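Geometric and topological summary
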Amino acid sequence: MHSQSYESSSMSESGEGDDEECGIGIRVTQEKGRFKVAAIAEDGPAAATGELLVGDVLIQIEGINVYGKRQQEVMDLMDGPCDTLVEIELERPSLPGKRRSVVIRRAPSTPLVAPTPNSPGPGADW
């Protein structure tokens with residue numbers, strides 16, 4: 001099985017403060033056209049919601065279906081100006097067919113930590 005990992009960027013390539021791009025503090029992997037949460041920054045915006053878990057599948061970002069999209073398109077949807085909101089629709093593999101929308105405020109990047117396998121973590125009571 002082929003998968004790739006992508007991390008939300010936090011700064012524009014120019015590095016200028018005015019052009020700062022922020023993310024939501026997650027890393028995703030792409031497998032067979034689906035994007036899954038692979039890691040969550042411990043002190044990042046996504047973790048602060050308590051709604052995302054490693055393994056959650058991204059269904060839509062800002063109302064746009066991400067299945068089969070190119071990784072750069074998905075990253076562009078997640079990243080944006082700091083202190084702006086992004087809405088993500090997720091599906092938890094342990095609850096097939098049940099989806100949840102989460103609104104996350106973009107912020108500068110936070111170091112990502114390796115996921116803990118089988119850890120219920122926040123949001124486990126979905």
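What counts, and at which threshold
- Position numbers for residues start from 1 in each chain and track the written sequence from start to end.
- Totals for whole chains, interfaces and linings use all residues, but because this is a predicted model, local features are given only for residues with pLDDT of at least 70 and pairs of side-chain atoms are given and counted only at 80 or more.
- As a rule here, side-chain values come from all non-hydrogen atoms in the structure, and water together with hydrogens is ignored.
- Comment: elements are numbered from the N terminus, with helices defined as DSSP H or I runs of at least four residues and strands as E runs of at least two.
- Note on contacts: a residue pair qualifies if any of its non-hydrogen atoms lie within 4.5 Å across the two residues.
- In these tables, accessible area is a Shrake-Rupley quantity obtained with a 1.4 Å probe, and a residue counts as shielded only by the protein chains included in the view.
- Relative accessible area decides the class of each residue, using a 1.4 Å probe on protein chains only: under 20% of the type maximum gives buried, over 50% gives exposed, and in between gives partly exposed.
- Definition used for salt bridges: Asp or Glu carboxyl oxygen within 4 Å of a side-chain nitrogen of Lys or Arg.
- A strand pair is defined by DSSP finding two or more bridges across the two strands.

**Brief notes about the overall build of the protein**
Within the protein one finds 2 helices and 9 strands. Taken from the N to the C terminus, the helices and strands of the protein come in the order β-β-β-β-α-β-β-α-β-β-β. Long-range contacts, defined as pairs at least 24 residues apart, comprise 57% of the intrachain contacts of the protein with a sequence gap of at least 6. Here the protein displays about 7000 Å² of accessible surface, and carbon together with sulfur accounts for 46% of that area.

**Quick word on unusual backbone geometry**
Located in the positive-phi region is Lys 32, a residue other than glycine, with phi close to 50°. Its location among the elements puts Lys 32 in the loop between strand S3 (26-31) and strand S4 (34-40). Located in the positive-phi region is Glu 62, a residue other than glycine, with phi close to 55°. As for its placement among the helices and strands, Glu 62 is situated in the loop between strand S5 (57-61) and strand S6 (64-65). When its relative accessible area of 41% is taken as the criterion, Glu 62 is described as partly exposed.

**Comments concerning the pattern of salt bridges**
Taken as a whole, this structure holds 6 salt bridges when the rule is applied. The salt bridge involving Arg 100 is made with Glu 51; its shortest N-O contact spans 2.4 Å. Here the residue Arg 100 occupies a position in strand S9 (residues 99-105), and Glu 51 occupies one in the loop between helix H1 (45-49) and S5, the gap between them amounting to 49 residues. By relative accessible area, which is 29% here, Arg 100 ends up partly exposed. Under the relative-accessibility criterion, Glu 51 is labelled partly exposed at 24%.

**A look at the pairing of S5**
Buried residues dominate S5, accounting for 4 of its 5 residues. Pairing geometry for S4 and S5, over 2 bridges, is antiparallel. Note on S5: the bridge partner recorded for Lys 36 is Val 57. Where S5 and S6 come together, 2 bridges link them in antiparallel fashion. Within S6, the position partnered with Ile 61 by the bridge is Ile 64. Counted between consecutive antiparallel strands, the loop separating S5 from S6 contains 2 residues, among which Glu 62 sits at a positive phi close to 55°.

**A closer look at the environment of Ile 26**
Summarising the element assignment, Ile 26 is placed in strand S3. Ile 26 sits 52 residues away from Met 78 along the chain, and the two C-alpha atoms are 9.4 Å apart.

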